[in-house]
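# An overview of the molecular structure
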Amino acid sequence: MCGIVGYHGREGARDILIDALRRLEYRGYDSAGIAISQDGSVKIARKQGKVSDLWNAICNENFEGSMGLAHTRWATHGVPSERNAHPHKVGDITVVHNGIIENYLELKESLKQDGRTFVSDTDTEVIPHLIVNYLDKGSDFEEAVRLALKRLKGSYAIGVMRDGSDTMIAAKKESPLLVGVGKDEFMIASDAPAIINRTNSFIFLEDNDIVIITNGEMRITDFDGAAVNREIKTVQWTGAMAEKGGYRHFMLKEIFEQPRALTETLIGRIREEEGDVVFEDLNLPDVSKIRKIWMVACGTSYHACLIGKNMFEANLRIPVETDIASEFRYRDPILDKDDLVILVSQSGETADTIAAMKEVKKKGLYTLAICNVLGSTLSRDSHGVIYTHAGPEIGVASTKAFTTQISVFFMLMLYLGKLRGVLDGDDVRRHLTELKKLPHHITAILKSSAAIEEIAQANMHYGHFLYLGRGINFPTVLEGALKLKEISYIHAEAYAAGEMKHGPIALIDENMPIVVVSPKDQTYKKTCSNIEEVITRRGKVFLFTDSFDHDMAPKVNAVFVIPETIYELQPILSIVPLQLMAYYMANHLGTDVDQPRNLAKSVTVE
Ligand code: G6P
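So, here is what we can say about the structure in this document. Source: prediction; values computed, not measured. (Residues numbered from 1 in each chain as written. Predicted model: local features only at pLDDT ≥ 70, side-chain atom pairs only at ≥ 80, totals over all residues. Heavy atoms only, no water.)

### Details of the site of the ligand
Quick note on the threshold: Residues are classed as near a molecule or strand on a simple rule: at least one heavy atom within 4 Å of it. Two N or O atoms count as a polar contact when they lie within 3.5 Å, although within protein this holds only if one can serve as hydrogen donor and the other as acceptor, and sequence-adjacent residues are included solely when both atoms are side-chain atoms. The method behind every accessible area is Shrake-Rupley, applied with a 1.4 Å probe, and residues are considered shielded solely by the protein chains displayed. Think of it this way: any DSSP run of H or I at least four residues long counts as a helix, any run of E at least two long counts as a strand, and we number them from the N terminus. Throughout this entry, Asp, Glu, Lys and Arg are counted as charged residues, while Ala, Val, Leu, Ile, Met, Phe, Trp, Tyr, Cys and Pro are counted as nonpolar. The remaining residues, Gly among them, count as polar.
Around the ligand lies a shell of 14 residues, among which Ser301, Ser345, Gln346, Ser347 and Thr350 are the nearest. One of the backbone nitrogen or oxygen atoms of Thr300 is found 3.0 Å away from an oxygen atom of the ligand. For the ligand, an oxygen atom lies 2.8 Å from a polar atom in the backbone of Ala600. Protein burial of the ligand: of its 380 Å² of free accessible surface, 90% is covered by the chains. Per-element tally for the shell around the ligand: the top contributor is helix H8 (residues 299-316), with three residues. For the shell around the ligand, a count of residues per class yields four nonpolar, eight polar and two charged.

In structure tokens form, the structure reads like this:
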């Protein structure tokens, strides 16, 4: 999705902004642009393509000045092109924007009637036009921005500069934006990793905040100009955490970081000896009254919810309903005031998940977020939050966020189980002992990555893959297939193994390889029958299981053994080889692993 950065300080803005844009690349984008205030006017450069294309175009040009804005665009209105790239300049006003202006057609029509001409196909271009309109009518810069913002419907984070002015103005409504507070400098950015190398002090802006940076000072107002106070928060992430650290891709680094990410998510929360789990500041309402739990999310986070459902229902005996956030928000679900609604999001900025949270809050229910990004909208606006301490996830395809989300669900299940009296200290202790072994088990799987790479390389020419799993591993294979689709562009579909005979079996022949995840649990034998059915039809089988099977091994094309754990935790282990397989196929096929085509890391529009 679009990314915004702005710099207002004493150093040259150009290099700082280009560096920040590179750190925002992971969000997914198709064009980039920069604006620098120089000698009384704002100079702009834009390019379709990568930030490196923009840099090549400007590196030898005179772009000097210590105030500027920059942008990566992910097309919503108007094709990816230089003309539609940001910044957009109208008269003496320059704007960058993330979000969607829903009433732009109406505004454009009325601005055209006032004699204004448009040069792009974007919704954004109405913003500088509106500001110029108010300036022409006598407003000063700040007032003109405020009046323009009041006319907009939809979501936006914007940065604005004016020719001949030292002032930078930024504002936000429903799209993420923060202010970085450095030494003698302020920055604005869509997210913290973009500017974490310059500061770790941030103000996470709220909806309807307007930031005015001028003369080395910064203040925040509401849309009527009244002063607003916002706290400066310090985040613990470092610049190095958001870099590749010797790995070829962020995604590979993040897969290999999973033992550490899990350990950090558990630290301070589990008390093995006492058989207890501790969460701070949850402020949960009376949990004995909960009759139903909802788990709502998008993409990979939704798959974590499906796993959460499996473990919650099995252990807590409370019905759990899972929903894709974009469906939940429109289907008017039947919520009871005592229901617990859990919203899961790596970024905490996914528009549909935030909208779902708002729907729930409107109905007066308690909302609990499971989130990875401190200060994100979801984490701030939910009643309670449990952070996954996975560290910055940069690769578009989510990996360590997924496994840490499952670990949070597991701890929450134990926490609720104890509070509701269905689990005692001994049960919790036994479960925690298994949980603590996971980082070690994942390290063991990662040590066998060469075996997975071999399978990947030998089979990446297939156009389709079918993934099969059952029970708690059905969501695991949904996630495994999603990983393959996302980054290698190979078509992959996942089915509950028992459903194979109801349709997908028609697809099976020698050109349809099957990935099966089946630890030796109660349905293992049944899955083996499915495997036999595949083999009879000449399908290739790759089996991921938790102990070597001497009967099946000679029949299938490869067996990969995953360490044994308890049922609830199996997905945390079995997803790792599937993540690796998708990664190695994509890498050998030469796709853009960290920024796959058409995808965005943080989907801040509906
Ligand atoms: C995008 C990303 C996915 C992610 C999904 C939900 O589609 O590409 O990797 O799972 O958004 O994101 P969230 O930040 O809410 O977990």
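Still more to cover.
### Some words on the side chain of Glu25
Spelled out, the test is: Only protein chains enter the accessibility calculation, which uses a 1.4 Å probe; a residue whose area is less than 20% of its type maximum is buried, one above 50% is exposed, and one in between is partly exposed. Counted charges follow a simple rule, with Lys and Arg positive, Asp and Glu negative, and His plus the chain ends left uncounted. Criterion for a salt bridge: a side-chain nitrogen of Lys or Arg within 4 Å of a carboxyl oxygen of Asp or Glu. Whether two residues are in contact is decided by their heavy atoms, any of which lying within 4.5 Å being enough.
Turning to its location among the elements, Glu25 is positioned in the loop between helix H1 (13-24) and strand S2 (31-38). Buried and without a salt bridge, Glu25 has Lys50 as its closest oppositely charged side chain, separated by 5.3 Å. Glu25 has contacts with Lys50, Val51 and Gln595, leaving out every residue within four places of it along the chain.

### As for helix H7 (residues 258-266)
For clarity, the cut-off: Note: the arc covers the axis-to-C-beta directions of the helix.
Within H7, the full set of buried residues consists of Gln258, Pro259, Ala261, Leu262, Thr265 and Leu266. End-on view of H7: buried residues confined to an arc of 165°, all on one side of the axis. Here the buried face of H7 lies against helix H6 (250-256), strand S15 (270-271), strand S21 (384-387), helix H12 (400-419), helix H13 (425-447) and helix H17 (570-589).

### Some words on the packing of helix H4 (residues 126-136) against helix H5 (residues 141-151)
Keep this limit in mind: All axes are obtained by fitting lines to C-alpha atoms, using only the stretch in contact for helices, and the reported angles, taken between N-to-C directions, cover 0 to 180 degrees. Roughly parallel means an angle under 35 degrees; roughly antiparallel, over 145; roughly perpendicular, 65 to 115; everything else is oblique. By convention the crossing between two helices is left-handed if the near helix lies anticlockwise of the far one by an angle smaller than a right angle, and right-handed if it lies clockwise.
Packing of H4 against H5 leaves a shortest axis separation of 8 Å and a crossing angle of 130°. If you check the angle between H4 and H5, you find them oblique. Of the two elements, H4 crosses H5, and the hand of that crossing is right-handed. Listed contacts from H5 to Leu130, Ile131, Tyr134 and Leu135 of H4 are Phe141, Ala144, Val145, Leu147, Ala148 and Arg151. When its residues are assigned to classes, the contact of H4 with H5 shows nine nonpolar, no polar and one charged.

### Comments concerning the pattern of salt bridges
Any two side chains of opposite charge can pair, given that their charged atoms come close. All told, the structure shown has 42 salt bridges when counted by the stated rule. The shortest N-O distance in the salt bridge between Arg14 and Asp15 comes to 2.8 Å. For Asp15, a relative accessible area of 44% corresponds to the partly exposed category. Overlapping salt bridges bring together Lys253, Glu257, Arg260, Glu264 and Lys400 as one network.

### Some thoughts on the packing of H12 against H17
Where H12 contacts H17, the axes come no closer than 9 Å and their chain directions differ by 170°. Here H12 is positioned roughly antiparallel relative to H17, judged by the angle of their axes. Residue-level contacts link Phe402, Thr403, Ile406 and Ser407 of H12 to Pro571, Ile572 and Ile575 of H17. Counted by class, the contact of H12 with H17 contains five nonpolar, two polar and no charged residues.

### Here we look at the sheet that holds strand S19 (residues 340-345)
For clarity, the cut-off: Only strands that DSSP links by at least two bridges are regarded as paired with each other.
Strand order in the open sheet formed by five strands is S18-S17-S19-S20-S21, with parallel pairing between adjacent strands. Two strands lie at the open edges of the sheet, namely strand S18 (320-324) and S21, each paired on one side alone. Along the sheet, successive strands turn relative to each other by an average axial angle of 20°, direction set aside. With five bridges joining them, strand S17 (residues 293-297) and S18 adopt parallel strand pairing. Paired with Ile293 across the strands is Val320, a residue of S18.

### Structural notes on the nonpolar core
As a rule of thumb, nonpolar side chains are buried together in soluble globular proteins. Which entries qualify depends on this criterion: What we call a nonpolar core is a set of buried Ala, Val, Leu, Ile, Met, Phe, Trp, Tyr and Cys residues that are connected through their side-chain atoms within 4.5 Å.
Grouped together as the largest cluster of nonpolar side chains are 88 residues, with contacts concentrated most on Phe312, Ile342 and Tyr467. The leading source of residues in this core is H17, at twelve residues.

### Thoughts on the sheet that holds strand S5 (residues 88-90)
With antiparallel pairing, six strands are arranged side by side in an open sheet as S5-S6-S7-S8-S12-S13. Of all the strands in the sheet, just S5 and strand S13 (217-221) have a single pairing partner and so form its edges. The mean inter-strand angle of the sheet, taken between neighbouring strand axes irrespective of direction, is 20°. Bridge count for strand S6 (residues 93-101) against strand S7 (residues 154-162) is nine bridges, and the pairing is antiparallel. The residue of S7 that forms the bridge with Ile93 is Arg162. Strands S5, S6 and S7 of the sheet are contacted by H4, whose axis makes an angle of about 130° with S6. Packed onto the sheet, H5 meets S6, S7, strand S8 (168-173), strand S12 (209-214) and S13 and runs at close to 160° relative to S7.

### Considerations on the pairing of strand S1 (residues 3-8)
A large share of S1 lies buried, amounting to six of its six residues. Side chains of S1 alternate between two faces, with Gly3, Val5 and Tyr7 and Ile4, Gly6 and His8 buried alike. As paired strands, S1 and strand S4 (residues 67-73) are joined by six bridges and run antiparallel to one another. What sits directly across from Ile4, in S4, is His71. In terms of strand pairing, S1 meets strand S10 (residues 185-189) through four bridges, oriented antiparallel. In the sheet register, His8 faces S10, and the bridge partner there is Phe186.

### Observations regarding the packing of aromatic side chains
So the rule is basically this: The pairing test for Phe, Tyr and Trp rings, Trp by its six-membered ring, is centres within 6.5 Å, and the orientation test on the planes gives stacked under 30 degrees, edge-to-face over 60, and tilted for anything in between. Geometrically, a lysine NZ or arginine CZ counts as sitting over a ring once it is within 6 Å of the ring centre and also within 35 degrees of the ring normal.
Using the criterion set out here, one finds eight aromatic pairs in the structure. The interplanar angle of 35° and the centroid separation of 5.7 Å between the aromatic rings of Tyr247 and Phe256 together place this pair among those described as tilted. Both rings, one in Phe279 and one in Tyr415, keep their centres 5.2 Å apart while their planes meet at 70°; by these two values the pair is edge-to-face. With Phe279 in the loop between strand S16 (276-277) and S17 and Tyr415 in helix H12, this pair connects stretches of sequence that are 136 residues apart. The ring of Phe63 has Lys43 lying over it, and the distance from NZ or CZ to the ring centre is 4.6 Å.

That's the geometry; what it means functionally is another story.
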